[in-house]
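Coordinates in review
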Amino acid sequence: MKFFIDTASIDQIKEGIDFGICDGVTTNPSLMAKEGISGHDNVINHYKKIAEIVDGDVSAEVISTDFNGIVEEGKRLADIAPNIVVKVPMIRDGIKAISHFTKIGIRTNCTLVFSPGQAILAAKAGATYLSPFIGRIDDTTWDGMSLIAQIAEIYAIQSYETEILAASVRNAKHIVEAAQNGADIVTCPLSSILGMLNHPLTDIGLAKFLADHKKANS
Ligand code: E4P
């Protein structure tokens, strides 16, 4: 399973790369706004910076919601760098645009996915990645992870090539369960990935090893 970092923060991306676990990056308009990035040229330049420092794919999201707007904006984003993937919302014109992008060789990430039916439509349209939002489903007291399992089963039976990019992943438990349930990729803040480092028995064990070594060598 690949790890993408879900952020528009250059510092966080650099930290993830430095740690050695950044296979790609996803962003969305909220994450761009959080970093204070606004205005067409600034947005394009920011994506350019991210695409330059990341070896893997970088999802850049359109803000248009009509077919012509999505296509025009998506082409501009795809032109930024070869590793830019155009992120398109799961709406009627979005699916139509994903089909069009597939035909002309532009890779896409279908976002805001909350049901298996939406996942089938995105795969039929040829989306490169599919982003089911786990945490936001959990927020409604439903079970986000069972959606990942269901989509993974359908995609395997139907031999769909679209990769399952588990999104809205908020903690280490989500990451482990996404791996267990067949996600190809998880995207989350670096803090969720670092959360997997922690176990008290590791800390106790290391303290004991170091204390024993010190005793034997004093
Ligand atoms: C996915 O690509 C989105 O950017 C993101 O994972 C949404 O996460 P959130 O629900 O924590 O905002």
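The following refers to the structure shown. Here, residues in each chain are numbered from 1, in the same order as that chain's written sequence. For a predicted model such as this one, the threshold for reporting local features is a pLDDT of at least 70, and the threshold for listing and counting side-chain atom pairs is 80 or more; totals across whole chains, interfaces and linings nevertheless cover every residue. Heavy atoms from the whole structure form the basis of all side-chain values; hydrogens and water molecules are not counted.

1. Description of the overall build of the protein chain
Rule in force here: Think of it this way: any DSSP run of H or I at least four residues long counts as a helix, any run of E at least two long counts as a strand, and we number them from the N terminus. Only protein chains enter the accessibility calculation, which uses a 1.4 Å probe; a residue is then buried when its area is under 20% of its type maximum, exposed when over 50%, and partly exposed in between. Contacts were defined at the residue level, with two residues in contact if any of their heavy atoms lie within 4.5 Å. Here the Shrake-Rupley method, with its probe set to 1.4 Å, supplies the accessible areas, and only the displayed protein chains count as covering residues. Counting rule applied: Lys, Arg positive; Asp, Glu negative; His and chain ends not counted. Think of each charge as sitting on NZ of Lys, CZ of Arg, CG of Asp or CD of Glu.
If you tally the helices and strands in the protein chain, you get 11 helices and eight strands. Viewed in the frame of its principal axes, the protein chain has a C-alpha envelope of about 75 × 40 × 30 Å. Expressed as a percentage of the 218 residues in the protein chain, the buried residues total 47%. Contacts spanning at least 24 positions in sequence make up 56% of the contacts within the protein chain whose residues lie at least 6 apart. In the form shown here, the protein chain has an accessible surface area of approximately 11,300 Å², with 54% of it arising from carbon and sulfur atoms. Computing the positive centroid from 19 side-chain charges and the negative centroid from 26, the protein chain places the two 0 Å apart.

2. Points about unusual backbone geometry
Non-glycine residue Leu112 carries a positive phi angle of around 65°. You can see Leu112 is positioned in strand 5 (residues 108–113).

3. Points about a negative patch on the surface
Operational definition: Only residues whose relative accessible area exceeds 30% and that take part in no salt bridge are eligible for patches, with like-charged residues grouped when within 9 Å of each other and nonpolar side chains (Val, Leu, Ile, Met, Phe, Trp, Tyr) grouped when within 5 Å. Each salt bridge in this description consists of a side-chain nitrogen of Lys or Arg and a carboxyl oxygen of Asp or Glu lying within 4 Å of one another.
Residues Asp11, Glu15, Asp18 and Glu35 make up a contiguous surface patch of negative charge. Locating Asp18 in the fold gives a position in helix 1 (residues 10–19).

4. Notes on the site of the ligand
This is how it is decided: We call a residue near a molecule or strand when any one of its heavy atoms sits within 4 Å of it. Identification of polar contacts relies on pairs of N or O atoms within 3.5 Å, with a donor-acceptor requirement for protein atoms, meaning one able to donate a hydrogen and the other able to accept it, and with residues adjacent in sequence counted only if both atoms are side-chain atoms. Each residue gets one of three labels, nonpolar for Ala, Val, Leu, Ile, Met, Phe, Trp, Tyr, Cys and Pro, charged for Asp, Glu, Lys and Arg, and polar for the others, Gly among them.
Around the ligand, a shell composed of Asp6, Asn28, Lys87, Phe133, Arg136, Ala167, Ser168 and Arg170 is seen. Within the contact set of the ligand, an oxygen atom lies 2.6 Å away from a side-chain nitrogen or oxygen of Lys87. For the ligand, an oxygen atom lies 2.7 Å from a polar atom in the side chain of Arg136. Calculation on the ligand without its partners gives an accessible area of 340 Å², and the protein chains cover 85% of this total. Here the residues of the shell around the ligand are counted per class, giving two nonpolar, two polar and four charged.

5. Some details on the side chain of Ser192
Inspection of the secondary structure assignment puts Ser192 in helix 10 (residues 190–194). There is a polar contact of 3.2 Å between the side chain of Ser192 and the backbone oxygen of Arg170. Contacts of Ser192, omitting those with residues within four sequence positions, involve Val169, Arg170, Asn171, Ala172 and Ile175.

6. Some thoughts on the pattern of salt bridges
Under the defined criterion, the tally for this structure stands at six salt bridges. With a closest N to O distance of 3.2 Å, Asp139 and Arg170 form a salt bridge. One end of the pair, Asp139, is in the loop between helix 7 (134–138) and helix 8 (144–158); the other, Arg170, is in the loop between strand 7 (163–166) and helix 9 (172–180), and 31 residues separate them in sequence. For Asp212, the salt bridge goes to Lys208, with nearest N and O atoms at 2.9 Å. With Asp212 and Lys208 both in helix 11 (residues 200–216) and four residues apart, this pair spans about one turn of that helix.

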